[in-house]
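# Working through the structure, step by step
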Amino acid sequence: MSQARATPRAPHAAPPGMAGKLALTTLVVLSLFLLSLIVALVRLAASDAGRPAAFSLASLLLTSLAAALAATALALAFGVPAALWLARHRFPGRTLLTTLLDLPTMLSPVAVGTALVLFLRDPPGAWLEGAGGFLFGFPGVVLAQFTVIVALVVRSAEAAFTDVDTRLERLAELHGATRRQVLTRITLPLARPGLLAAAVLAFARALGEFGATVTVAGTIPGRTETLSTGIFLALESGELAGAARLSLILVVVAGAMLLLLRKVVGWRR
Amino acid sequence: MSTVLELEALEVRLGGFTLGPIDLAVAQGEYLVLVGPSGAGKSVLLETMIGWHTPARGQARLGGVPVQAIRAGERGFSYVPQDIGLLPHLSVRENLLFPLDCRGRDPDPQLLETLSTTLNLGPLLDRRDPRSLSQGERQRVALGRALLTRPRKLFLDEPCAALDPHLRREFQLLLRDLHRQLGQSVVHVTHDREEAFLLGERIAVILDGRLRQVDPPDQLYARPADLAVARFLAPENLWPARTVETSAEGARLELRATGNRLRAEHPVPTTAGAGCVVGIRPEEVMILHPDRPLRPQVQENVFSGTIREILRLDGRVQVNVVTAEGLDVVSRLPICAAQDMELAAGSPVRVCLKARSVYTLDP
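Please read these numbers as outputs of a predicted model, since none were measured by experiment.

## Re the overall build of chain B
- Within chain B, the secondary structure is distributed over nine helices and 20 strands.
- Overall, the C-alpha framework of chain B stretches about 75 × 45 × 35 Å when taken along its three principal axes.
- When the 363 residues of chain B are sorted by exposure, 51% land in the buried category.
- Put simply, of all contacts in chain B between residues at least 6 apart along the chain, 66% involve residues at least 24 apart.
- Carbon and sulfur atoms form 48% of the exposed surface of chain B, whose accessible area is close to 16400 Å².
- The centroid of the 43 positive side-chain charges in chain B is displaced by 2 Å from the centroid of its 45 negative side-chain charges.

Set out below in structure tokens:
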């Protein structure tokens, strides 16, 4: 199946005449469409549609934030050093390795979750399961989100490190900096905007993660039920207003993350 | 302790570019300028000296030890790259003190004072973002950073190239003064011949990845080692010739195209009949009135001709003369001298190619 895709245009190359009007129209239609989605959520959330909500909002938010934070921290801990190595070395099999790293990002999260479940059933995964109790437990939520976002962290952090001028590092070494000082005083500070962006994007992605989470950890209220899985449960059980409210919370959190991203990293557009 | 930096049959390959083989030694305390056109390999050579590139053959040694075998911070080197290399996330003061900070040392107050004054760093120190500095200010901060560690060797890559012309000379003199005050060895890369002559105690000419000549400026000016060096330094006044006779007085030469005969006081060793190239710097060509009697010191190598055109340069003029035999001769002299002689295009003149200024080259 092939579909035509809209390619982004450079902002300064304004298409003239008819093409310009068409482009502006698509922009307006797209914005209205997204805006009306939010309006629909707000209207539904304000109504009493469906049965009254049977969930604890605080508990959902707590589980979601805790899991996303833990998954992001883990992804940074594993991903940033790996990214530094990838950015600084050329080696045979690099394409193969990066393809492997990109795979979880490209796959359907349910497939990632399925793979995780199957991995945890037999050794060596079963040993891990024995130690951590991932299946249908809070650690499983973290593991599922970690698996989905770690490649995102590796690849964005790699780009951030690649952007750091290695000549500045070598100059610092020549001027007497130790390896450690080069890392802490040159490389990391210079890569900081990119690393922060990676962290924020990973956190947002973890917060919205559904497929892998629900497959590995299920939706046990107070333990593994997150905002994202909670929305699904609420919809399934006909609690439309509840689903809308949870969705709005995600909208607010995502909006806040994007604003933070712009503020901290100086991202534009 | 010997801190002489020696290059021994050094060859570097980067992509398709090959540098060398190069033999060169940098003496303690000397100001060595590497000069050559863009793309000649000067920066590669400089960065091989500091240990950034691994030689394909040969070695760069510091006190007898391969440079790369010495830990970078212990080589006693400071480097100001062409892009200056200030750290954008540190303030100007932090940038200045970064090398000392890394070593856990405090700056020598007297040196800091000297550098602050000489480089006029005072007003810059409290600036938070080094990117807000002008090009000249950045150069000064980078130079201060490099010198504050009291390096044994200072490496500069085109330190004046990005400066406005009126700042350039000032900065060049600053470099000379700092070298005199502090006495560290300097290896300075430039494409600017005038800068090379102004600063270099020795000048190394690099062309197409080869070291063609290393000499003090006077020697380089008077006696370029080969045709390529002569063309790089001054492309004018180079003529194919043959040796007519040699004697204790030098050599008598005949220019192939026009048959002009002239004497060279210090020719390269040659035999009668052998081919060579004769050259003279445009600044050494004297313009003489067509009919005044000749002074004793300009009795020979004098040819009559006509001024073809006069090019006005900055403070000097270039006078293009064609002799009666059809030889094109270029002379450069101060504007005031040209005005005194009332030189004009089309007017008759005589040119004198002083025998002690004429050099010969193997073809």
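Read on for the rest.
## Quick look at the overall build of chain A
- A tally of regular secondary structure across chain A gives eleven helices and zero strands.
- Ordering the α and β elements of chain A from the N terminus gives α-α-α-α-α-α-α-α-α-α-α.
- By residue count, 36% of the 269 residues in chain A fall in the buried class.
- Approximately 15400 Å² of chain A is accessible, and the part contributed by carbon and sulfur atoms is 70%.

## Brief notes about the sheet that holds strand β4 (residues 57–62) of chain B
Residues and elements named next belong to chain B.
- The antiparallel open sheet is built from four strands, whose spatial order is β2-β1-β4-β5. Taken across any chain shown, the strands that pair with only one partner, and hence form the sheet edges, are β2 (17–26) and β5 (65–66).
- Pairing geometry for β4 and β5, over two bridges, is antiparallel. Within β5, the position partnered with L62 by the bridge is V65.
- Along the sheet, helix α1 (residues 42–49) makes contact with β1 (5–14), β2 and β4, crossing β1 at roughly 125°.

## A look at helix α2 (residues 92–102) of chain B
- Within the sequence span of α2(B), burial applies to B:V92, B:N95, B:L96, B:F98, B:P99, B:L100 and B:C102.
- Of the residues flanking the end of α2(B), it is B:G104, one or two places downstream, whose phi is positive at about 70°.

## Focus on the state of the cysteines
All names here are of chain B.
- Enumeration according to the criterion identifies zero disulfides over all chains in this entry.
- Left unpaired, C276 is separated from the closest cysteine sulfur, that of C352, by 18 Å.
- A relative accessible area of 7% means that C276 is categorised as buried.

## A short note on the interface of chain A and chain B
- Taken together, the contacts link 17 residues of chain A with 25 residues of chain B.
- Across the chain A to chain B interface the summed buried area is about 1800 Å²; carbon plus sulfur atoms make up 59%.
- Area buried by chain A at its contact with chain B is led by A:R167, A:L174 and A:H175, which between them contribute 39% of it.
- In this assembly, chain A and chain B are joined by two salt bridges.
- With a closest N to O distance of 3.0 Å, B:D101 and A:R185 form a salt bridge.

## Observations concerning the side chain of B:R281
All names here are of chain B.
- Topologically, R281 is positioned in the loop between β14 (275–279) and β15 (285–288).
- Of the residues examined, R281 reaches a relative accessible area of 12% and is grouped as buried.
- If sequence neighbours within four positions are ignored, R281 has contacts with Y221, L233, A234, N237 and Y359.

## Some thoughts on the pairing of strand β8 (residues 185–190) of chain B
Residue and element names in this part refer to chain B.
- Of all six residues making up β8, six are buried, and the element is well covered by its neighbours.
- Pairing between strand β3 (residues 31–35) and β8: five bridges, direction parallel. By the bridge assignment, V35 is partnered in β8 with T190.
- Pairing of strand β7 (residues 153–157) with β8, which is carried by five bridges, proceeds in the parallel orientation. Bridged to F155 within β8 is V187.

## Examining the pattern of salt bridges
All names here are of chain B.
- Tallied over the full model, the rule gives 28 salt bridges over all chains.
- A salt bridge links R61 to E8, with the shortest nitrogen-to-oxygen separation between them at 3.7 Å. On the criterion of sequence distance, the pair formed by R61 in strand β4 and E8 in strand β1 is long-range, its members being 53 residues apart.
- R261 is the salt-bridge partner of E254, the closest N and O atoms lying 3.0 Å from each other.
- On the basis of relative accessibility, which here comes to 47%, the residue R261 falls in the partly exposed class.

## What about the sheet that holds strand β17 (residues 316–323) of chain B?
Residue and element names in this part refer to chain B.
- Read across the sheet, five strands follow the order β15-β19-β16-β17-β18 without closing on themselves; strand pairing throughout is antiparallel. The open sheet has two edge strands, β15 and β18 (328–334), and neither has a second partner. With direction set aside, neighbouring strand axes in the sheet form an average angle of 45°.

## What about the nonpolar core?
- The biggest cluster of nonpolar side chains holds 40 residues, and the ones touching the most others in it are B:V141, B:L143, B:L156, B:L175 and B:V205.
- With five residues, the top contributor of residues to this core is helix α4 (residues 135–147) of chain B.
- The contact partners of B:V205, leaving out residues within four places of it in the chain, are B:V35, B:R210, B:L211, B:R212, B:Q213, B:L220, B:V229 and B:F232.
- A:V142, A:V153, A:V164 and A:A217 belong to the second-largest nonpolar core, a separate cluster that totals 39 residues.

Rules behind the numbers
Residues numbered from 1 in each chain as written. Chains lettered and ligands numbered in written order. Predicted model: local features only at pLDDT ≥ 70, side-chain atom pairs only at ≥ 80, totals over all residues. Heavy atoms only, no water. Helix = DSSP H or I, 4+ residues; strand = E, 2+ residues; numbered from the N terminus. Buried < 20%, exposed > 50% of the residue type's maximum accessible area, 1.4 Å probe, protein only. Contact = heavy atoms within 4.5 Å. Areas by Shrake-Rupley, 256 points an atom, 1.4 Å probe, with all protein chains shown as cover. Lys, Arg positive; Asp, Glu negative; His and termini not counted. Charge placed at Lys NZ, Arg CZ, Asp CG, Glu CD. Pairing = 2+ DSSP bridges. Axes fitted to C-alpha atoms, helices over the stretch in contact; angles between N-to-C directions. Disulfide = S-S within 2.5 Å. Buried area = accessible area lost by both parts, 1.4 Å probe. Salt bridge = Lys/Arg side-chain N within 4 Å of Asp/Glu carboxyl O. Core = buried A, V, L, I, M, F, W, Y, C linked by side-chain atoms within 4.5 Å.

Interpretation note: all reported values are geometric properties and have no functional meaning in isolation.
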